[in-house]
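# Structural overview for review
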Amino acid sequence: MNAPRILSGIKPTGRPHLGNYFGMMQPAIAWQDRGQAFYFIADYHALTTVQDAAALRQHTRDAALDFLACGLDPSKAVLFRQSDVPEVTELAWLLTCLTPMPMLENCHAYKDHLARGKVPSHGLFAYPVLMAADILLYDSNVVPVGKDQKQHVEVTRDLAEKANRIFGPIFTVPQPSIVPEMATVIGLDGQKMSKSYGNTIGLFEEEKALKKKVMGIVTDSAPVEAPKNPEVSSIVALYRLVAGEADVGVMESEFRAGGVGYGEFKKRLFGAIWETFAPFRSTRAELAADPSTVEAVLADGAGRARAVADQTMARVRQAMGLR
Ligand code: ADP
Ligand code: TRP
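The paragraphs below set out a description of the structure included in this document. (Residues numbered from 1 in each chain as written. Chains lettered and ligands numbered in written order. Predicted model: local features only at pLDDT ≥ 70, side-chain atom pairs only at ≥ 80, totals over all residues. Heavy atoms only, no water.)

Here the focus is the site of ligand 2. The environment of ligand 2 is formed by 14 residues, the closest being Lys-11, Tyr-127, Met-131, Asp-134 and Gln-149. Tyr-127 has a polar side-chain atom sitting 2.8 Å from a nitrogen atom of ligand 2. The separation between a nitrogen atom of ligand 2 and a polar side-chain atom of Asp-134 is 2.7 Å. Protein chains shield 91% of the accessible area of ligand 2, which is 360 Å² for the free molecule. Put simply, ligand 2 lies in the largest pocket. Of all the elements in the fold, those that place two or more residues in the shell around ligand 2 are strand E1 (5-10) and helix H7 (122-137). Here the element with the most residues in the shell around ligand 2 is H7; it accounts for 4 residues. (Near = heavy atom within 4 Å. Polar contact = N/O pair within 3.5 Å; in protein donor to acceptor, adjacent residues only side chain to side chain. Areas by Shrake-Rupley, 256 points an atom, 1.4 Å probe, with all protein chains shown as cover. 1 Å grid on protein atoms, 1.4 Å probe; cavity = no way out; pocket = protein on both sides within 12 Å on 5 of 7 lines; lining within 4 Å. Sits in = over half its atoms within 2 Å of the grid points. Helix = DSSP H or I, 4+ residues; strand = E, 2+ residues; numbered from the N terminus.)

Written out as structure tokens, the structure reads:
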């Protein structure tokens, strides 16, 4: 079998957090050694929330920097800006014509919006179709994402299968790839870590701000001497992501034994987070000092992405009776 094509995207809507890193960026970066990896900054998708041109441009550059700082290697993986290949919006339209409304009415981002009494834009409603276009345009086999994106990959599979039934085998049907232990990283309040819940720990926070956040993790009011259950603790759950096995074992047994307070555990967690991301912080600072490097990576990525996209679009237009 040929090396698989791997594809994922991240929306440039704000600073990346531990959920983004462990749920998507780290697994995606690990895949770059196992196939042809295509990763992009989803600036079209971000427009459903970021409606300020300067901010969107800045967030897009930042997201590319973040990915590179965390280990994305442009000699192995293609990194590009979604809007540098605008054909994706054409494919989104073609797929839209095959998409049953109820399929989108069932998607969680739209349902959450309605549940919170907000009026969703058509962009938010149709968001999963643009995501399907991203995935199908590049003939992707594997899509590394966090658990919350699984539904969107299922929509993509349904649309690809439907199109293939109607028009012949024009699309590769993708598989999601979700790392079970990282499926849902929890946030400061014990819910899923998410920008929308304001409970995130950023990868590139200032030391003081990071410490303050970690010390603010919500716990029960068990006194220092009381035994505590590590299995229900957000502190332990986060520590497992950033500490070695032996250190996690020590923390778990100290939880069970009692005699150590949550404050001490939080300090240890802070130290481990700070150290885990230290190398990324320094790489990021170096890259940020020379913006032309990131621009060159994105320009090269756009060319490589476009070469694949052009072939897919020629095939799809032909099969659907366009041109
Ligand atoms: P947010 O919920 O903060 O807006 P995004 O929707 O931009 O995050 O997610 C970008 C990527 O990071 C997606 O692949 C998503 O599945 C992953 N991700 C986000 N939050 C988490 C989390 N708490 N745990 C695991 N993966 C996550
Ligand atoms: N919807 C994804 C998110 O919110 C981002 C994204 C857009 C994406 N297109 C994609 C992820 C294609 C994987 C594949 O995080």
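Across the interface, H7 lies against helix H8 (residues 150-167) with an axial gap of 9 Å and an inter-helix angle of 70°. Here H7 is positioned roughly perpendicular relative to H8, judged by the angle of their axes. In the packing of H7 onto H8, the handedness of the crossing is right-handed. In this structure, H7 uses Tyr-127, Pro-128, Met-131, Ala-132, Ile-135 and Leu-136 to contact H8, whose residues at the interface are His-152, Val-153, Val-155, Thr-156, Leu-159 and Ala-160. Within the contact of H7 with H8, the residues separate by chemical class into 10 nonpolar, 2 polar and no charged. (Axes fitted to C-alpha atoms, helices over the stretch in contact; angles between N-to-C directions. Parallel < 35°, antiparallel > 145°, perpendicular 65-115°, else oblique. Left-handed = near helix turned anticlockwise from the far one by under 90°. Contact = heavy atoms within 4.5 Å. Nonpolar A, V, L, I, M, F, W, Y, C, P; charged D, E, K, R; others polar.)

Quick look at H7 now. Here H7 contains 16 residues, and its C-alpha end-to-end distance of 22 Å stays within 8% of the 22 Å for a straight helix at 1.5 Å per residue. Bending of H7 peaks at approximately 40° at the position of Pro-128. By the criterion of burial, H7 is predominantly enclosed, with 14 of the 16 residues buried. With its phi angle positive at about 50°, Asp-139 sits one or two positions after the end of H7. (Expected span 1.5 Å × (residues − 1). Bend = angle between axes of the 7 residues up to and from the residue. Buried < 20%, exposed > 50% of the residue type's maximum accessible area, 1.4 Å probe, protein only.)

The subject of this paragraph is the layout of surface pockets. Reported here for the largest pocket is a volume of approximately 1200 Å³. Contributing to the lining of the largest pocket are 44 residues, with Lys-11, Asp-148, Gln-149, Lys-192 and Ser-194 lying nearest its centre. Listed by contribution, the elements that provide at least two residues to the lining of the largest pocket are E1, helix H1 (18-31), helix H6 (108-115) and H7. Counted by class, the lining of the largest pocket contains 17 nonpolar, 18 polar and 9 charged residues. (Points joined across faces, edges and corners; volume = space filled by probe spheres on them.)

Our next topic: the site of ligand 1. As a matter of local geometry, ligand 1 sits amid 18 residues, with His-17, Asp-148, Val-185, Ser-194 and Lys-195 nearest to it. Gly-19 is positioned such that a nitrogen or oxygen atom in its backbone is 3.2 Å from a nitrogen atom of ligand 1. Here a nitrogen atom of ligand 1 sits 2.7 Å away from a polar atom, N or O, in the main chain of Val-185. Expressed as a share of its isolated accessible area of 540 Å², the protein-covered part of ligand 1 is 94%. Here the shell around ligand 1 is built from residues that sort into 6 nonpolar, 8 polar and 4 charged.

Glancing now at the packing of helix H10 (residues 234-242) against helix H12 (residues 262-276). Packing of H10 against H12 leaves a shortest axis separation of 9 Å and a crossing angle of 25°. The orientation of H10 relative to H12 falls into the category roughly parallel. Every pair of crossing elements has a handedness; the one defined by H10 and H12 is left-handed. On H12, the residues touching Ile-235, Leu-238, Tyr-239 and Val-242 of H10 are Tyr-262, Phe-265, Lys-266, Arg-268, Leu-269, Ala-272, Ile-273 and Thr-276. Tallied by class, the residues present in the contact of H10 with H12 amount to 9 nonpolar, 1 polar and 2 charged.

Remember that the coordinates give geometry; whether it matters functionally is a separate question.
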